[in-house]
Amino acid sequence: MSTTITSDLLKAKIVSDGEVAAAVDVFMCDPTVSLFRFASGHTLDPAAAVKAHEPAARAVIDPDRNEKFRRGMVRTAILLGCMVAP
């Protein structure tokens, strides 16, 4: 089993921007979600990715941050998150 970050797979067109957006949507609906499966079979733990990216972790709990900012920070955390190969 190998790992890589989501942005590498996005650049390689193994995952799509739409799938990354869907992972963000899933996290925004349920910040405890621990598994997101991409069409390629790669998986990611969105909650762990956000927790590991301190700016994103702070943003999602900050009541002074708007939804667009929070989503952007979550997207960054997901792009930097380690994915597990199928």
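Everything that follows concerns the structure shown earlier in this document.
Figured I'd write up the structure that's included with this text. (Residues numbered from 1 in each chain as written. Predicted model: local features only at pLDDT ≥ 70, side-chain atom pairs only at ≥ 80, totals over all residues. Heavy atoms only, no water.)

### Let's talk about the overall build of the protein
Reasoning step 1: Counting its secondary structure elements, the protein contains five helices and four strands.
Reasoning step 2: For the protein, the N- to C-terminal ordering of α and β elements is β-α-α-β-β-α-α-α-β.
Reasoning step 3: Once the C-alpha set of the protein is aligned to its principal axes, its extents read approximately 40 × 20 × 20 Å.
Reasoning step 4: Sorting the 86 residues of the protein into buried and exposed places 35% on the buried side.
Reasoning step 5: In the protein, the proportion of contacts linking residues at least 24 apart, taken out of those at least 6 apart, comes to 55%.
Reasoning step 6: When the accessible surface of the protein is summed, it comes to about 5000 Å², and 57% of that surface belongs to carbon and sulfur atoms.
Reasoning step 7: Taking the average location of the 10 positive side-chain charges in the protein and that of its 10 negative ones, the two points are 4 Å from each other. (Helix = DSSP H or I, 4+ residues; strand = E, 2+ residues; numbered from the N terminus. Buried < 20%, exposed > 50% of the residue type's maximum accessible area, 1.4 Å probe, protein only. Contact = heavy atoms within 4.5 Å. Areas by Shrake-Rupley, 256 points an atom, 1.4 Å probe, with all protein chains shown as cover. Lys, Arg positive; Asp, Glu negative; His and termini not counted. Charge placed at Lys NZ, Arg CZ, Asp CG, Glu CD.)

### Some thoughts on the nonpolar core
Reasoning step 1: Counting 19 residues, the largest nonpolar core has F38, L44, V50, V74, I78 and M83 as its most contacted members.
Reasoning step 2: Among the elements of the structure, α2 (17-29), α3 (46-52), α4 (54-61) and α5 (67-80) are those that each provide at least two residues to this core.
Reasoning step 3: When neighbours within four sequence positions are excluded, F38 is seen to be in contact with T6, V15, E19, V20, A23, L44 and M83. (Core = buried A, V, L, I, M, F, W, Y, C linked by side-chain atoms within 4.5 Å.)

### Some remarks on the pattern of salt bridges
Opposite charge on two side chains allows them to pair when their charged atoms are near.
Reasoning step 1: Per the counting criterion, the structure on display carries four salt bridges.
Reasoning step 2: Where R71 meets D25, a salt bridge forms, and the shortest distance between an N and an O atom there is 2.2 Å. In this pair, R71 sits in helix α5 while D25 sits in helix α2, placing the two residues 46 residues apart along the sequence.
Reasoning step 3: We classify R71 as partly exposed; its relative accessible area is 27%. (Salt bridge = Lys/Arg side-chain N within 4 Å of Asp/Glu carboxyl O.)

### Some thoughts on α5
Reasoning step 1: With 14 residues, α5 should cover 20 Å at 1.5 Å per step; its first-to-last C-alpha distance of 20 Å lies within 8% of that length.
Reasoning step 2: Those residues of α5 that fall on the buried side of the exposure criterion are R70, M73, V74, A77, I78 and L79.
Reasoning step 3: Between a side-chain oxygen at the N-terminus of α5 and the backbone nitrogen of K68 the separation is 3.2 Å; the capping residue is N66. (Expected span 1.5 Å × (residues − 1). Polar contact = N/O pair within 3.5 Å; in protein donor to acceptor, adjacent residues only side chain to side chain.)

### Digging into α2
Reasoning step 1: Compared with the 18 Å implied by 1.5 Å per residue over 13 residues, the 18 Å span of α2 between its first and last C-alpha is a close match.
Reasoning step 2: Every buried residue belonging to α2 is among E19, V20, A23, V24 and F27, and all of these are buried. Down the axis of α2, the buried set is contained in an arc of 150°. They therefore lie on one face. Those residues of α2 that are exposed and angled more than 90 degrees off the buried face are G18 and C29.
Reasoning step 3: Where α2 is buried, its residues meet α1 (6-11), β2 (36-37), α3, α4 and α5. (Arc of directions from axis to C-beta.)

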